[in-house]
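Fold and geometry: a report
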Amino acid sequence: MKKFYETVAVAARQDGYSVTLDGRSIKTPAKAPLIVPTEALAEAVAAEWRAQGDDVDPSTMPMTRLVNTAIDRVAPRMTEVLDELVGFAHTDLLCYRAVDQDELEVAQAKTWQPYLDWLKDEMGVELAVTSGIVPLTQSDEAIKLLSGEVASFDSFSLSAFHAFVSGFGSIVLALALIRGFKDFETCWAASLLDETHQESLWGLDIEVEEKRNRLKLEMTTSLDLWHFARA
């Protein structure tokens, strides 16, 4: 799409901040007003529009895409998204341990158990752990406490949190990240424990590595969204 504007600005509104192109406020793909809660987030979106050359390339505008998703797809179905995220507790990566793989079992206990211990101490949430693939059902109390935490997020924070939970395969790692128990790189490494163990035995698959790198980039952009939305 050819660039159709000259100036990009951030405008304060009663309900937040908007980004304007030649004085006109941006809308989302669903034609909703693009209004964000903080000036920092609006400036991050504006920076992407300012960086465009003769053509507007949406693939170079990841923050704009995330904001559009938060407004068009998450905000209208907050309860559904919340239930989906909390439901990850039943299949959380950290709660399923290896069987008959001594080295991996030791590594999982050493790496993952501190996160579960932290969750219990920090939020009073105790999650059951199993070995193998037999499905777990976490307690109603654990689900209630997790729901109470996630229910406090607005659509932008919830969108970012969704990226963390789905990317890590763990609501525990996602909570550890946003509450500052561990940084992103540490949580990311913990989420890849099983994969890196297998790669140490059988070698690295280049296609898997490329896909992993793309996911990591998406998640770090979502981490920016999280911080900007709460600035």
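All values reported here derive from a predicted model rather than from experimental measurement.

Conventions we followed
- Residues numbered from 1 in each chain as written.
- Predicted model: local features only at pLDDT ≥ 70, side-chain atom pairs only at ≥ 80, totals over all residues.
- Heavy atoms only, no water.
- Helix = DSSP H or I, 4+ residues; strand = E, 2+ residues; numbered from the N terminus.
- Buried < 20%, exposed > 50% of the residue type's maximum accessible area, 1.4 Å probe, protein only.
- Contact = heavy atoms within 4.5 Å.
- Areas by Shrake-Rupley, 256 points an atom, 1.4 Å probe, with all protein chains shown as cover.
- Lys, Arg positive; Asp, Glu negative; His and termini not counted.
- Charge placed at Lys NZ, Arg CZ, Asp CG, Glu CD.
- Expected span 1.5 Å × (residues − 1).
- Polar contact = N/O pair within 3.5 Å; in protein donor to acceptor, adjacent residues only side chain to side chain.
- Core = buried A, V, L, I, M, F, W, Y, C linked by side-chain atoms within 4.5 Å.
- Pairing = 2+ DSSP bridges.

Below, the discussion takes up the overall build of the chain. What the chain contains, in helices and strands, is ten helices and six strands. If one aligns the C-alpha atoms of the chain with their principal axes, the spans along those axes are about 65 × 40 × 25 Å. Every one of the 231 residues in the chain was classed for burial, and the buried ones make up 43%. Considering only contacts within the chain whose residues lie at least 6 apart along the sequence, 62% involve residues at least 24 apart. A total of about 12300 Å² of accessible surface is found on the chain, and carbon and sulfur atoms cover 53% of it. Taken together, the 21 basic and 37 acidic charged side chains of the chain have centroids lying 7 Å from each other.

With 14 residues, helix α6 (residues 155-168) should cover 20 Å at 1.5 Å per step; its first-to-last C-alpha distance of 20 Å lies within 8% of that length. Among the 14 residues that make up α6, twelve are buried, leaving the element largely enclosed by the rest of the structure. Ser155, Phe156, Ser157, Leu158, Ser159, Ala160, Phe161, Ala163, Phe164, Val165, Gly167 and Phe168 are the residues of α6 that are buried. Sitting at the head of α6, aspartate 154 places a side-chain oxygen 3.1 Å from the backbone nitrogen of phenylalanine 156. Just downstream of α6, glycine 169 is the residue with a positive phi angle, here 75 degrees.

A few words now on unusual backbone geometry. Positive phi is not limited to glycine here, since aspartate 22 has a value of about 50 degrees. Within the secondary structure, aspartate 22 is located in the loop between β2 (16-21) and β3 (24-25). Phi at lysine 31 is positive, roughly 70 degrees, even though this residue is not glycine. Mapped onto the secondary structure, lysine 31 falls in the loop between β3 and β4 (35-36).

Most often, soluble globular proteins keep nonpolar side chains buried together rather than apart. Grouped together as the largest cluster of nonpolar side chains are 69 residues, with contacts concentrated most on Phe161 and Phe164. Tallying contributions element by element places helix α7 (residues 171-178) first for this core, with eight residues. Discounting chain neighbours no more than four positions away, the residues touching phenylalanine 164 are Gly169, Ser170, Ala174, Leu177, Ile178, Met219, Ser222, Leu223 and Trp226.

Let us look at the environment of serine 191. Among the secondary structure elements, serine 191 is positioned in helix α8 (residues 184-191). Other than its neighbours up to four places away in sequence, serine 191 contacts Leu93, Phe168 and Leu173. At 2.7 Å, the side chain of serine 191 forms a polar contact with the backbone oxygen of tryptophan 188.

Moving on to the side chain of serine 18. Relative to the assigned elements, serine 18 resides in strand β2. Look past the residues within four positions of serine 18 in its chain and what remains in contact with it is Ala9, Val10, Ala11, Arg13, Ser25 and Leu34.

So, about the environment of aspartate 57. Along the chain, the position of aspartate 57 falls in the loop between α1 (39-50) and α2 (62-74). Each C-alpha atom, one on aspartate 57 and one on glycine 87, is 36 Å from the other, the two residues being 30 residues apart in sequence. A polar contact is formed between the side chain of aspartate 57 and the side chain of serine 59, at a distance of 2.7 Å.

Counting buried positions along β2 gives five out of six residues, so the element sits mostly inside the fold. Where strand β1 (residues 8-13) lies against β2, six bridges are found, and the strand directions are antiparallel. In the strand pairing of β2, valine 10 is matched with valine 19. Remark: two residues form the turn of the hairpin made by β1 and β2, two consecutive strands paired antiparallel. Across two bridges, β2 lies against β4 in antiparallel orientation. Considered in β4, the bridge of tyrosine 17 is made with valine 36. Here two bridges tie β2 to β3, and the two strands are oriented antiparallel to one another.

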